[in-house]
Amino acid sequence: MIGLISATAAGAAARDRLAAAWPDRTRVYEGPVQDAVRTAFAQCEQLVCFLATGAVVRLVAPLLSGKTEDPGVVCVDEGGRFAVSLLGGHAGGANELAREVGEVLGAEPVVTTATDAVGLPGLDTLGLPVEGDVAGVSRALLDGEAVALRAEVVWPLPPLPVTDEGPYTIRLTDRLVEAAGREAVLRPPTLVVGVGASKGAPVEEVLGLVGDALREAGLSLASVAELATVDAKAAEPGIVEAARRLGVPLVTYSAEELAGVDVPNPSDAPLAAVGTPSVAEAAALVGGGELLVPKRKSAASPAMATCAVVRRPGRGRLAVVGLGPGARDLLTPRAKAELRRARVLVGLDQYVDQIRDLLRPGTLILESGLGAEEERARTAVEEARKGQAVALIGSGDAGVYAMASPALAEASDDIDVVGVPGVTAALAAGAILGAPLGHDHVSISLSDLHTPWEVIERRVRAAAEADLVVTFYNPRSRGRDWQLPKALGILAEHRTPTTPVGVVRNASRPDESSRLTTLGALDPATVDMMTVVTVGNTATRDIAGRMVTPRGYRWQSAQEGAE
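Throughout, a residue's number is its position along its own chain's written sequence, starting from 1. In keeping with the predicted nature of the model, local features appear solely for residues at pLDDT of at least 70, side-chain atom pairs appear and are counted solely at 80 or more, and the whole-chain, interface and lining totals rest on all residues. Side-chain measures were taken over the full set of non-hydrogen atoms in the model, leaving aside hydrogen atoms and water.

Caption draft 1: Structural view of the overall build of the protein. Where helices and strands are cited, they refer to DSSP runs of H or I of at least four residues and of E of at least two residues respectively, numbered from the N terminus. Secondary structure assignment for the protein yields 19 helices and 28 strands. Seen through its principal axes, the protein has C-alpha atoms that stretch 95 × 65 × 55 Å. Think of it in three bands: residues with accessible area under 20% of the maximum for their type are buried, residues over 50% are exposed, and the middle band is partly exposed, with areas taken using a 1.4 Å probe on protein chains only. Within the protein, the proportion of its 563 residues that are buried is 47%. Contacts: residue pairs with any heavy atoms within 4.5 Å of one another. Taking all contacts inside the protein whose residues are at least 6 apart in sequence as the whole, residues at least 24 apart take part in 64%. In the structure as shown, the protein presents an accessible area of about 26,000 Å², 51% of it carried by carbon and sulfur atoms. The convention is simple: Lys and Arg are positive, Asp and Glu are negative, and His and the chain ends are not counted. A charged residue contributes its charge at one atom only: NZ of Lys, CZ of Arg, CG of Asp or CD of Glu. Separation between the mean location of the 54 positive side-chain charges and that of the 70 negative ones in the protein comes to 1 Å. Computed by Shrake-Rupley with a 1.4 Å probe, the accessible areas treat only the displayed protein chains as cover when residues are assessed.

Dropping the structure here:
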């Protein structure tokens, strides 16, 4: 919950705007400010104070316990101009909260945390347990000193300016090790613990068994991702409570699923009890991985619990990102977040240039020129299969005549794939022209590099006969100058010469140009590959210089009747 506190009418107005925007996330604290701050500080995960920063500093100073316990605090001035991350920037989430508040109120977020200020991900913001010399290693990263990455397990980290050797080290491991001097240890959740238990097995026995198994194998409890068992034990109190105390989810599988997993130590006892020859080993191995601890029983007599431990490396992550038509303000916040998250960026060189300034230090950039789409797709998938966090970029929407299709054709279920939508060229052009896509419409590429012209022509003819608004991508190039006149001729068989046609070049970019003409007047020689051509249907009209396709045909009929 986010506590909201104000002292004046102006602050209350801004406070109420935020409360209205986030009714389920916020709670307004009334009364004397000192009392309100004290109460909210104790009850809430975060605070937004519509007060001067100096006043908030004095109010919260006596309440501070430590950076991992204190709530995140954001200050907003009474004019609503700035949202200042004051306390708990990372641990309390105040940095991100300041950005969110800024979006709602139109305020400028002010974040002074050193790593955020220079675009580096903080080691304590990666979502992984971290210990050791976190401050020293972070300072070395900020100062540009050599920091080595020692990755003992595969995990998709964000970009970090690391080297192979250096006086400081980031160690990525699930082993039970102590951090050395000048070393920060990150513990990714790579371990799956399969558990089986007799009815009524005490939670202490389950936890003791798991702890002993991990410790004796030299594995860290902080890297446990989940407990896994058979469906029949989903409500077993000892297992449920063990997962709760460990702070990990309890994942269950059917006996049929577990029976199909090849295990080294099958047994008749679980087969008779729950229908599978293995619970602990099979539940741990069902998702694949390396068996580090074979099935072992608890030390109690009789033993009422079993466990097995598997290392399941982190899956690589491929984000296919649409950059939009070119204007920075049409690049979505989600796309920006994925660009900053990716450790490897793959893209066409001219698209990389558009967003190079958004990338974090340490991002590996793999760029290539026109015509290498399939090579870029293969490269992106290969990098993801290495366990990397990868962003594959394309213009417009990555799923529309762009990189999503070849990438997903290469990818299999061994990596995670995330699609990030973008504003397409057709949508950008449509917004400039007016409302040409107000009714059913279709986009057709006139490039025959990948599609035979016979297929393209058949699609154009079908769109013409169906009276669809048509947006032509890739309409004309130096070596391909006859396709657009041919396509326009097909449409002219079904539409009048006065049918509105919109022509937009470099939509949303500084050298954007547009014009509204007609099917009979359009000169194909004025069109190139940077142009989008939108041809209206029989209902489309030029209204006050804007291209408009009504949502229904009743409007057209009424207009024709009036004439």
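Caption draft 2: Local environment of the packing of aromatic side chains. A pair of Phe, Tyr and Trp rings is counted when the ring centres sit within 6.5 Å of each other, with Trp represented by its six-membered ring. The angle between the planes then sorts it: under 30 degrees is stacked, over 60 is edge-to-face, the rest tilted. As enumerated under the stated definition, the model contains two aromatic pairs in all. Ring geometry for Tyr401 against Tyr473: centres 4.7 Å apart, planes inclined by 55 degrees, an arrangement best described as tilted. Taken together, the residues Tyr401 in the loop between strand 19 (389–394) and helix 15 (404–410) and Tyr473 in strand 23 (residues 469–473) connect sequence positions 72 residues apart. On the basis of relative accessibility, which here comes to 11%, the residue Tyr473 falls in the buried class. The rule is short: NZ of Lys or CZ of Arg within 6 Å of the ring centre and within 35 degrees of the ring normal puts a charge over the ring. Sitting over the face of the ring of Trp22, Arg25 holds its NZ or CZ atom 4.3 Å from the ring centroid.

Caption draft 3: Representation of helix 12 (residues 333–341) within the structure. Where helix 12 is concerned, the buried positions are Ala335, Glu338 and Leu339. One side of helix 12 holds all its buried residues, which, seen down the axis, span an arc of 100 degrees. Within helix 12, the exposed residues directed more than 90 degrees away from the buried face are Pro333 and Arg334. For helix 12, the elements touching its buried residues are strand 16 (317–322), strand 17 (344–348), helix 13 (349–355), strand 19 and strand 20 (416–420). Along the arc lie the directions from the helix axis toward the C-beta atoms.

Caption draft 4: Here's a closer look at the packing of helix 1 (residues 9–21) against helix 4 (residues 94–105). Close contact between helix 1 and helix 4 brings their axes to 10 Å; oriented N to C, the two are set at 100 degrees. Of the possible angle classes, the one that applies to helix 1 and helix 4 is roughly perpendicular. Of helix 4, the residues touching helix 1 (which contributes Ala14, Arg17, Leu18 and Ala21) are Val101, Val104 and Leu105. Among the residues making up the contact of helix 1 with helix 4, the classes are represented as six nonpolar, no polar and one charged. Simply put, an axis is a line fit to the C-alpha atoms, just over the touching stretch for a helix, and the angle between two N-to-C directions goes from 0 to 180 degrees. Roughly parallel here means an angle under 35 degrees, roughly antiparallel means over 145, roughly perpendicular means 65 to 115, and every remaining angle is called oblique. Throughout, the ten residues Ala, Val, Leu, Ile, Met, Phe, Trp, Tyr, Cys and Pro are labelled nonpolar, Asp, Glu, Lys and Arg are labelled charged, and all others, Gly among them, are labelled polar.

Caption draft 5: Geometry of the side chain of Ser85. As for its placement among the helices and strands, Ser85 is situated in strand 5 (residues 82–87). Relative accessible area serves as the criterion here: at 9%, Ser85 is assigned to the buried category. Any pair of N or O atoms that falls within 3.5 Å is considered a polar contact. Within protein, one atom must be able to donate a hydrogen and the other to accept it, and sequence-neighbouring residues count only if both atoms are side-chain atoms. At a separation of 2.7 Å, a polar atom in the side chain of Ser85 contacts the side chain of Asn95. Sequence-distant contacts of Ser85, defined by excluding residues within four places in its chain, comprise Val73, Val74, Ala94, Asn95, Ala98, Val110 and Val111.

Caption draft 6: Here's a closer look at the environment of Thr534. Within the secondary structure layout, Thr534 lies in strand 26 (residues 531–535). Residue class for Thr534 comes out buried when judged on its relative accessible area of 1%. Sequence-wise, Thr534 and Glu30 are 504 residues apart; in three dimensions their C-alpha atoms are separated by 56 Å.

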